[in-house]
Structures are given as C-alpha cells and as structure tokens.
Amino acid sequence: MPRQPVLEVRDLTVTFAGERGVARVVDGVSFDLTPGRTLGLVGESGCGKSLTALALLGLVPPPGRIAGGTVRLDGRDLLLLPEAELDAVRGRRVAMIFQEPMTALNPVFPVGDQIAEVLRVHAATPRRQAQEAAIAMMARVGIADAGARAGDYPHQLSGGMRQRVMIAMAMICRPDVLIADEPTTALDVTVQAQILDLMLEMQAEFGTAILFISHDLAVVSEVADEVMVMYAGRIVERSPAVSLFGAPLHPYTLGLLQSLPRVDRRTGRLPAMRGGVPDPCALPRGCRYSDRCPEVENKCRTRDPALNGAGAGRWVACVKVAP
Ligand SMILES: Nc1ncnc2c1ncn2[C@@H]1O[C@H](COP(=O)(O)OP(=O)(O)OP(=O)(O)O)[C@@H](O)[C@H]1O
Ligand SMILES: [Mg+2]
C-alpha cells in the first residue's frame, strides 16, 4: 500500500515584481513528499528549483513573494503559520542542505557546537547532552575522530567534510522532510558518491522524505524514486525515475537527457539543446517550451498545456503527448 504523504504542496506560486512586470518564477507547482522516498527536481539553471525549495519554508528572499498555494505538513498549511511556529518547523521537522556549506555554517563557531545548537534550540536538550549527541552524529556521518573534529572551525574542514557536517546538522532532529538543493554539486565525483550514499543511508534509518534538487540528471537518476522536470517555473513532466530516464515523455526531458555526456559516443560532441531558457517576464505564448521544441506544431503556440495524466503514474504537460 502506498504510504501517506507527509508534505503536500499545491499550486505553489512565487512572483518577483519588477519594472518589466510580474514574473511568475514558480508557477502553480504541486507535488507530494512521502516518508522514505526521494523525489528529484531537475531543470536548467534559473527554472525555479531553488525558489520552490525556499518557498516550502517561507524563505523566499524579497522582493520575491509567495503569491499563492499551500504547503501542508501533516495537514497544516506552513504558509499560514506565524513566523515563530514556522521557525520551530524549520530544522526540526523540515531540514535543508545546500550546495555551499560555507554559507550555511557560521565561520566563528566550532562545527560540533553548531550541530549541538540545533538540538538545544529545537529539542531543548541540555548543553552537555547536546554536545555528546553532536559528536555521535558526526561519527555517524563518517567523520573520523569526531570528538577532536568537533572543535574544528568550518574553514579547517574539506568541502566533503563540511557537507557531512551539514548532513549531521540536518538529520540530528530526525526531520520528516529533507530538502537537498544541489547538495553535492561543488564536490568532486568520488566525494559526491559518498555524500549521496550517506544521505540514502540516513533516509533508510529515519524514514525521511527527500526532495532532491539538481541540474545533474545523472546524479538524480541514482537517488530519486520519482522525478519532476521543471521548465520556466512549471513542472512539465513527473514520472517514476525508471520510466523518465528510460522513455522520457516531454520533448524537454528528452532534450535534457540527450545533452548528457555519454562515454559510449565517439563523436566527442554533446548535442546541446538549442536556444536558452525564456525570460520570465516575456514567456512565449502557448507552451513555454514551444520556441525551443524540436517537435513544435501550430497548436503549441496557442495552447498552454496542463500537467495531464499519461498512465503508469506519469504526468506530462504537452499537447502532443497528453492532449
Ligand atoms: N532577486 C530576484 N529578483 C528577480 N528575479 C529573481 C530573483 N531571484 C531569482 N529570480 C528569478 O527566479 C528564477 C528562478 O531562480 P532559482 O534560483 O529558483 O533557479 P534555479 O532553478 O535554482 O537555478 P540554479 O540551477 O542556477 O540554481 C531565476 O531565473 C530568476 O529569473
Ligand atoms: Mg538553485
């Protein structure tokens, strides 16, 4: 039996108002996160992945604003919570890890103290106990000699070790939901694989629901059970990972997959996708992908496709694939 979702996102919309009009950079995005499962979110730079993640916790930076939608955690809409209550949810029930741990870690405190602080704030754990738990968690995320490393400052650790610290901070309160925004993008391939393994181990242990954001399809294919493809603020395809990578439905998903480097190709050239992402203030009429789509037809330039069911748990926003 499928498990009940822990986080339900409906019609989430984020706008930026500028001199050239209002840009809907996240436009009516809906999805569920389920305990123990990983939902991938992919798309080119600027398509709205990070703003989707930030909006879930009410962290959209001004002048951006959440213009609509609901984010229900156990049925409670987080977007309606007073700031103090939302603050209690952040870190304890819903945790985030980012690409660059240096910006999330405080440079002037030892990392052990920063992990312990999460427990002290969210679980009112006494200082001594929180310190011990922090060191145990550092050991758990694979930091050798954790007792000594706990006294290190962020700059004394390697990028991979800092990302392990971030995971320890994120997981120490056993959150129901983990939002991971490009968590391994800055790391070299070997360290990247270790960090992904660690995330999945923690997920298995705690039953965490994960939203895994990356522009790197190869990485997403390794961790996600299901994948959403985002284009210009919209979800254009949502499918189980196996079917999405095996037989993409949306022409944009196909384009992304074809632009992946392949070792088995001998030409040495990557088939780059033509064109660039559209200006959010000047979207093409009809389908937002119509000006780049190799399969475009006249109707694509007039009809704005909805995300329609395509069978076998698949959803696609394309008038040709799912009219
Ligand atoms: N401060 C801002 N003012 C105006 N527009 C903004 C601002 N911040 C972001 N945007 C718009 O929101 C869009 C989505 O940004 P977002 O950071 O979510 O993209 P992303 O998919 O995470 O990209 P990346 O892969 O590079 O991280 C951007 O294309 C940009 O047009
Ligand atoms: Mg981003």
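Just so you know, these numbers come straight off a predicted model, no measurement behind them. (Residues numbered from 1 in each chain as written. Chains lettered and ligands numbered in written order. Predicted model: local features only at pLDDT ≥ 70, side-chain atom pairs only at ≥ 80, totals over all residues.)

Undergrad: Help me out: how do you make sense of the overall build of the chain in this one?
TA: Summing up its helical and strand segments, the chain has 11 helices and 12 strands in all. Here the C-alpha radius of gyration of the chain, 21 Å, is about what a compact globule of 323 residues would show, namely 20 Å. Taking the principal axes of its C-alpha atoms as reference, the chain extends roughly 70 × 50 × 45 Å. Out of the 323 residues belonging to the chain, those deemed buried represent 40%. Long-range contacts, defined as pairs at least 24 residues apart, comprise 62% of the intrachain contacts of the chain with a sequence gap of at least 6. (Helix = DSSP H or I, 4+ residues; strand = E, 2+ residues; numbered from the N terminus. Rg over C-alpha atoms; globule rule 2.2 N^0.38 Å. Buried ≥ 20, exposed ≤ 12 C-beta atoms within 10 Å, placed from the backbone. Contact = placed C-beta atoms within 7 Å.)

Undergrad: Can you help me understand the sheet that holds strand β4 (residues 64-73) in this one?
TA: Neighbouring strands of a sheet are bound in pairs by backbone hydrogen bonds; such pairs are parallel or else antiparallel. The sheet built from four strands is open, its strands ordered β2-β1-β4-β5 with antiparallel pairing. At either end of the open sheet lies a strand with only one pairing partner, and these are β2 (21-33) and β5 (76-77). Bridge count between strand β1 (residues 7-18) and β2: 10 bridges; the pairing is antiparallel. Bridging across to β2, Phe16 finds its partner in Ala23. (Pairing = 2+ DSSP bridges.)

Undergrad: Even after reading the chapter, I still don't get helix α4 (residues 111-123), so can you show me in this structure?
TA: Every α-helix carries 3.6 residues per turn, so stepping three or four residues along brings you back to the same face. Here α4 contains 13 residues, and its C-alpha end-to-end distance of 18 Å stays within 8% of the 18 Å for a straight helix at 1.5 Å per residue. Summarising the contacts, the buried residues of α4 are in contact with α5 (127-140) and α7 (159-171). (Expected span 1.5 Å × (residues − 1).)

Undergrad: Please clarify how the site of ligand 1 should be interpreted in this entry.
TA: Near ligand 1 there are 13 residues, and of these Ser45, Gly46, Lys49, Ser50 and Leu51 occur at the shortest range. Among the residues making up the shell around ligand 1, the classes are represented as five nonpolar, seven polar and one charged. (Near = placed C-beta within 6 Å. Nonpolar A, V, L, I, M, F, W, Y, C, P; charged D, E, K, R; others polar.)

Undergrad: Would you mind showing me how to read the packing of α4 against α7 here?
TA: Between two packed helices, what matters for the description is the angle formed by their axes and the separation of those axes. Running from amino to carboxyl end, α4 crosses α7 at an angle of 20 degrees, the nearest separation of the two axes being 8 Å. Overall, the two elements α4 and α7 adopt an arrangement that is roughly parallel. Of the two elements, α4 crosses α7, and the hand of that crossing is right-handed. Of α7, the residues touching α4 (which contributes Val111, Gln114, Ile115 and Val118) are Val165, Ala168 and Met169. In the contact of α4 with α7, the residues fall into six nonpolar, one polar and no charged. (Axes fitted to C-alpha atoms, helices over the stretch in contact; angles between N-to-C directions. Parallel < 35°, antiparallel > 145°, perpendicular 65-115°, else oblique. Left-handed = near helix turned anticlockwise from the far one by under 90°.)

Undergrad: Teacher, can you tell me more about α5 here?
TA: Helix length check: α5 (14 residues) gives 20 Å between terminal C-alpha atoms against 20 Å at 1.5 Å per residue, within 8%. The complete set of buried residues in α5 reads Ala130, Ala134, Ile135, Met137 and Met138. The arc that holds the buried residues of α5, viewed along the axis, is 160 degrees, so those residues lie on one side. Where α5 is buried, its residues contact α4, α6 (146-149) and α7. Immediately downstream of α5, the backbone of Gly142 shows phi near 85 degrees, a positive value. (Arc of directions from axis to C-beta.)

Undergrad: Would you take a moment to explain the pairing of strand β10 (residues 234-240) for this structure?
TA: Each regular strand carries side chains that alternate between the two faces of the sheet. Burial within β10 is extensive, with six of its seven residues counted as buried. Bridging between strand β9 (residues 226-231) and β10 involves six bridges; their strand directions are antiparallel. Across the sheet, residue Met228 finds its bridge partner in β10, namely Arg238. Bridge analysis of β10 against strand β12 (residues 314-316) gives two bridges, and the strand direction is antiparallel. Counted as the bridge partner of Glu237 is Val316 from β12.

Undergrad: Could you clarify how one ought to interpret the environment of Arg234 in this entry?
TA: Tracing the backbone through its elements, the reader meets Arg234 in strand β10. Residue classification places Arg234 among the buried residues on the basis of 24 C-beta atoms within 10 Å. When sequence neighbours within four positions are dropped, the list of residues in contact with Arg234 reads Asp27, Gly28, Arg288 and Ala317.

Undergrad: Would you mind going over the domain arrangement of the chain with me for this structure?
TA: How big an interface is tends to be stated in terms of the accessible area lost upon association of its parts. Per the domain assignment, the segments of the chain are domain 1 (7-93 + 176-262 + 272-316) and domain 2 (103-174). Between domain 1 and domain 2, the C-alpha centre-to-centre distance is 29 Å. Top contributing element to the side of domain 1 that touches domain 2 by residue count: helix α8 (residues 189-206), with seven residues. Of the residues contributing to the side of domain 1 that touches domain 2, the split by class is 10 nonpolar, two polar and one charged. (Domains from an automatic or database assignment.)

Undergrad: What is the right way to read unusual backbone geometry from this model?
TA: A negative phi angle characterises most non-glycine residues, just as the trans form characterises most peptide bonds. Along the chain, Pro62 connects to Pro63 via a cis peptide bond; the corresponding omega equals 10 degrees. With respect to the element layout, Pro63 can be found in the loop between α1 (49-56) and β4. Even without being glycine, Glu182 reaches a positive phi, approximately 50 degrees. Mapped onto the secondary structure, Glu182 falls in the loop between β7 (177-181) and α8.

Undergrad: I keep staring at the environment of Asp87 and nothing clicks. Help me out?
TA: Mapped onto the elements, Asp87 comes out in helix α2 (residues 83-89). Note on Asp87: 15 C-beta atoms within 10 Å, which makes it partly exposed.

Undergrad: Help me understand the sheet that holds strand β11 (residues 308-311), please; the structure alone is not making it clear to me.
TA: The sheet built from eight strands is open, its strands ordered β6-β7-β8-β3-β9-β10-β12-β11 with mixed pairing. At either margin of the open sheet sits one strand with a lone partner, and together these are β6 (94-97) and β11. Between one strand axis and the next, the sheet turns by 20 degrees as a mean value, whatever way the strands run. For strand β3 (residues 38-42) and β9, the ladder comprises four bridges, and the chain directions are parallel. In the strand pairing of β9, Val42 is matched with Val229. The strands touched by helix α11 (residues 251-258) are β3, β9 and β10; relative to β9, the strand with the most contacts, the crossing angle is about 100 degrees.

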